[in-house]
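Reading the structure
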Amino acid sequence: MNYASANSDLAALRTPCLGTSLAVAKRLAKATNNTATLNRAITDFKDETGESVCVNLDGPVARVLIIGGADSCSPSQYRKIAGLVAQKLSALNITQAAVHLLGTKIKGHNVAWKAQALMQAISHASYRFNAYKSKPKQPVSLKRVRLLANAGDQKALRAAIKLGAALDEGLTLAKDLGNEPPNVCTPTYLLAQARKMARDKAVTLTALDEKKMLSLGMGAFMSVSQGSDQPGKMIILRYNGGKKDEAPIALVGKGITFDTGGISLKPPPTMDEMKFDMCGAAAVLGVTKAAIDARLPINLVTVVAAAENMPSARASRPGDIVTSASGQTIEILNTDAEGRLVLCDALTHVQNYKPRAIIDVATLTGACIMALGSHASGLFANDDDLADAITEAGERSGDRSWRLPLWDEYQSGLNTNFADMANVGGRGAGSVTAACFLSRFVKGCKWAHMDIAGSSFHNGAAKGSSGRPVAQLFNYLVAESGL
Ligand code: BES
Ligand code: MN
Ligand code: ZN
């Protein structure tokens, strides 16, 4: 989507459709001699959130889409308003539109926040994945949206648009990668995507192949990858937008391009959804793309642990013991707990870059869906400031997480008689024991883990990647950049 700023001079406005409040629509009608037409159309209209009506006008504004409750509202009501205007505009057969909704009064939220909410909503509503449809489903013709604000807000609006456009790119990339079928989106495909991002002169790419990973002692990663004919990849992207000597922020993504469970095979129903088991990788690549596009003044190191989890004669067995790159040994009791196995070696590796914080993102546990459903990503951290910063970024972006404990008491669930640890805990708190497992591979560094098993994709009729938590992490990076 192409976003632009414009001033809110109604007399000069020319557009196929203006999305706005009832009050502005009345002013517009008056300025363009459409008052009688408007009054006829709004006799039954309720000016409340969730309500909307589209009215055809004579003159340079061909339609006005009136969104209810847009005078003043709460932040969550504003998100509903943004979602509604985005959905209605995307459904019209027009290539351009204007939105005049930045005047809404919301306690504690400025123009930049409102613009971000609108752009995020438009980004979501106008997204389609039609790559494999002979006849595209509900195609979207909208290409360009102008956001209107008064003169005093133009500077803030332009800055917000730069960020919003970058975030749109990142969200689209993350969703596309998630939605690609698993026969296309392999570890090699993810590497090719990273290569495209590395064409930027501020970005460098390193890819570790299986031979290299074996030489680095990544026995945990390899225990997953060895069962597949698709070669596993550890992909490392560095974006240098900050000061040369400034420690980077590290993003690590689980990139299981298909999770059959391995020898601990998953049951058939909904197994297709395990193509989304690389949504952590998609999210860290998406947020990295957004950071690059926005030229955030920050250094990043993004690591994708990409492998396919397959049953085969070469696959690891329950009971196998492997040695991770950290030197710690792991007894694999369940080959379906593979995410932590690829991530632990990625976490060990990324610490070579001396990051100031590490955030890993993973569709790690079904238990996280039991705990939080789809509305919140699970958040774990060994540092309260880091957890708070990520939580706040979630609130700001409407892409929220909820913190779960990482107490020592849970660690003993991973005890085994045969190795330093097992790869699964007992029956309870599966998300926590998974996070506990990962915590053992982070030494002396601030670290957070996000379990996005429930938040990163929709199932049922709306099946598809959600792009989460790209918006949350982008907001975190923007705040870290001091912007
Ligand atoms: N990729 C799954 C987790 C998952 C489940 C993500 C459903 C999204 C939707 C992960 O690799 C897995 O299989 N986890 C196991 C862990 C268990 C064996 C300890 C699980 O959650 O059942
Ligand atoms: Mn699994
Ligand atoms: Zn998995």
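Cut-offs used in this document
- Residues numbered from 1 in each chain as written.
- Chains lettered and ligands numbered in written order.
- Predicted model: local features only at pLDDT ≥ 70, side-chain atom pairs only at ≥ 80, totals over all residues.
- Heavy atoms only, no water.
- Helix = DSSP H or I, 4+ residues; strand = E, 2+ residues; numbered from the N terminus.
- Buried < 20%, exposed > 50% of the residue type's maximum accessible area, 1.4 Å probe, protein only.
- Contact = heavy atoms within 4.5 Å.
- Donors = N, O, S within 2.8 Å, 3.2 Å for Na, K, Ca; no water.
- Tetrahedral: all angles 85-135°; square planar, octahedral: opposite > 155°, others 65-115°.
- Phe/Tyr/Trp six-rings, centres within 6.5 Å; stacked < 30°, edge-to-face > 60°.
- Core = buried A, V, L, I, M, F, W, Y, C linked by side-chain atoms within 4.5 Å.
- Pairing = 2+ DSSP bridges.
- Axes fitted to C-alpha atoms, helices over the stretch in contact; angles between N-to-C directions.
- Left-handed = near helix turned anticlockwise from the far one by under 90°.
- Nonpolar A, V, L, I, M, F, W, Y, C, P; charged D, E, K, R; others polar.
- Polar contact = N/O pair within 3.5 Å; in protein donor to acceptor, adjacent residues only side chain to side chain.
- Near = heavy atom within 4 Å.
- Domains from an automatic or database assignment.
- Buried area = accessible area lost by both parts, 1.4 Å probe.
- Salt bridge = Lys/Arg side-chain N within 4 Å of Asp/Glu carboxyl O.

A few words on the overall build of the protein. Secondary structure summary: the protein contains 14 helices and 19 strands in total. Principal axes of the C-alpha set define a box for the protein whose edges measure 80 × 50 × 40 Å. When burial is assessed residue by residue, the protein has 56% of its 483 residues classed as buried. Partitioning the intrachain contacts of the protein with sequence separation of at least 6 by distance along the chain shows that 76% fall at a separation of at least 24.

Another point: the coordination of the manganese ion (ligand 2). Every protein donor of the manganese ion (ligand 2) is listed here as D259 (OD), D336 (O), D336 (OD) and E338 (OE), and their distances to the metal cover 2.0 to 2.2 Å. One way to put it: the six donor atoms around the manganese ion (ligand 2) meet at angles of 71 to 168°, and that makes the site irregular. Considered as a linear motif, the donors of the manganese ion (ligand 2) on their single chain read D-x76-D-x1-E. Between the manganese ion (ligand 2) and the zinc ion (ligand 3), a spacing of 3.1 Å is present, and a bridge between the two is formed by D259. Of this pair, D259 sits in strand β9 (residues 249-259) while E338 sits in the loop between β12 (329-331) and α10 (339-350), placing them 79 residues apart in sequence. Accessibility assignment for this pair places D259 and E338 in one class, buried.

A separate point is the coordination of the zinc ion (ligand 3). In the first shell of the zinc ion (ligand 3), the protein supplies K254 (NZ), D259 (OD), D277 (OD) and E338 (OE), at 2.0 to 2.4 Å from the metal. Each of the six donor atoms bound to the zinc ion (ligand 3) contributes to angles spanning 79 to 175°, and the resulting shape is octahedral. Here the donor residues of the zinc ion (ligand 3) share one chain and are spaced in sequence as K-x4-D-x17-D-x60-E. With relative accessibility at 2%, the residue D259 sits in the buried group.

In this section: the packing of aromatic side chains. Under the counting rule described, the total for this entry stands at five aromatic pairs. Measuring from ring centre to ring centre gives 6.0 Å for F129 and Y132, while their planes differ by 45°; the resulting arrangement is tilted. By relative accessible area, F129 is classed as partly exposed at 23%.

Within the largest apolar cluster, 56 residues are counted, with the highest numbers of intra-cluster contacts made by L190, L285, I359, F474, Y476 and L477. With 10 residues, helix α9 (residues 279-293) is the single largest residue contributor to this core. If we skip the residues at most four places from it in the chain, I359 touches A250, L251, V252, I390, A448, M450, L473 and Y476. Ranked by size, the runner-up nonpolar core spans 47 residues in total, among them M218, V322, F380 and V432.

Moving on: the sheet that holds strand β16 (residues 421-422). Pairing in this open sheet of three strands is mixed, and the strands run β11-β12-β16 from one edge to the other. At either margin of the open sheet sits one strand with a lone partner, and together these are β11 (321-323) and β16.

So, on to the packing of helix α12 (residues 384-397) against helix α14 (residues 470-480). Packing of α12 against α14 brings their axes to within 8 Å, and their N-to-C directions diverge by 115°. Helix-helix and strand crossings are classified by hand; for α12 and α14 the assignment is right-handed. Contacts from L386, A389, I390, A393, G394, R396 and S397 in α12 reach A471, Q472, N475, Y476 and A479 in α14. Across the contact of α12 with α14, the residue classes break down as seven nonpolar, four polar and one charged.

This brings us to the side chain of S223. Note on placement: S223 falls in helix α8 (residues 219-225). At 2.7 Å, the side chain of S223 forms a polar contact with the backbone oxygen of A220. Discounting chain neighbours no more than four positions away, the residues touching S223 are S316, V322, I332 and L341.

On to the sheet that holds strand β1 (residues 2-7). What the six strands build is an open sheet, ordered β1-β6-β5-β2-β4-β3; its pairing is mixed. Two strands lie at the open edges of the sheet, namely β1 and β3 (52-56), each paired on one side alone. Within this sheet the neighbouring strands show an average axis-to-axis angle of 20°, counted without direction. Judged from the four bridges that link them, strand β5 (residues 96-100) and strand β6 (residues 144-149) form a sheet pairing that is parallel. From the neighbouring strand, Q96 faces β6, where its bridge partner is R144. Packing of helix α1 (residues 22-31) onto the sheet brings it into contact with β2 (18-20), β4 (63-67) and β5, and relative to β4 it is tilted by some 155°. Along the sheet, helix α5 (residues 154-179) contacts β1 and β6; its crossing angle with β1, the most-contacted strand, is approximately 170°.

Of all residues adjacent to ligand 1, which total 17 residues, the nearest are K266, D277, D336, E338 and G366. Here a nitrogen atom of ligand 1 sits 2.8 Å away from a polar atom, N or O, in the side chain of D277. Note that a nitrogen atom of ligand 1 is positioned 3.5 Å from one of the backbone N or O atoms of L364. Secondary structure elements with two or more residues in the shell around ligand 1: β9 and α11 (366-372). Class assignment for the residues of the shell around ligand 1 results in six nonpolar, four polar and seven charged.

Parsing the protein into structural domains produces domain 1 (2-148) and domain 2 (173-480). Its C-alpha centre places domain 1 at a distance of 37 Å from the equivalent point of domain 2. If you look at the interface, domain 1 gives nine residues, while domain 2 gives 13 residues. A buried area of about 860 Å², summed over both sides, lies between domain 1 and domain 2, and 44% of it is on carbon and sulfur atoms. Considering only the side of domain 1, the residues that lose the most area to domain 2 are Y127, F129 and Y132, jointly responsible for 50% of the buried surface there. Counting across the interface, domain 1 meets domain 2 through zero salt bridges.

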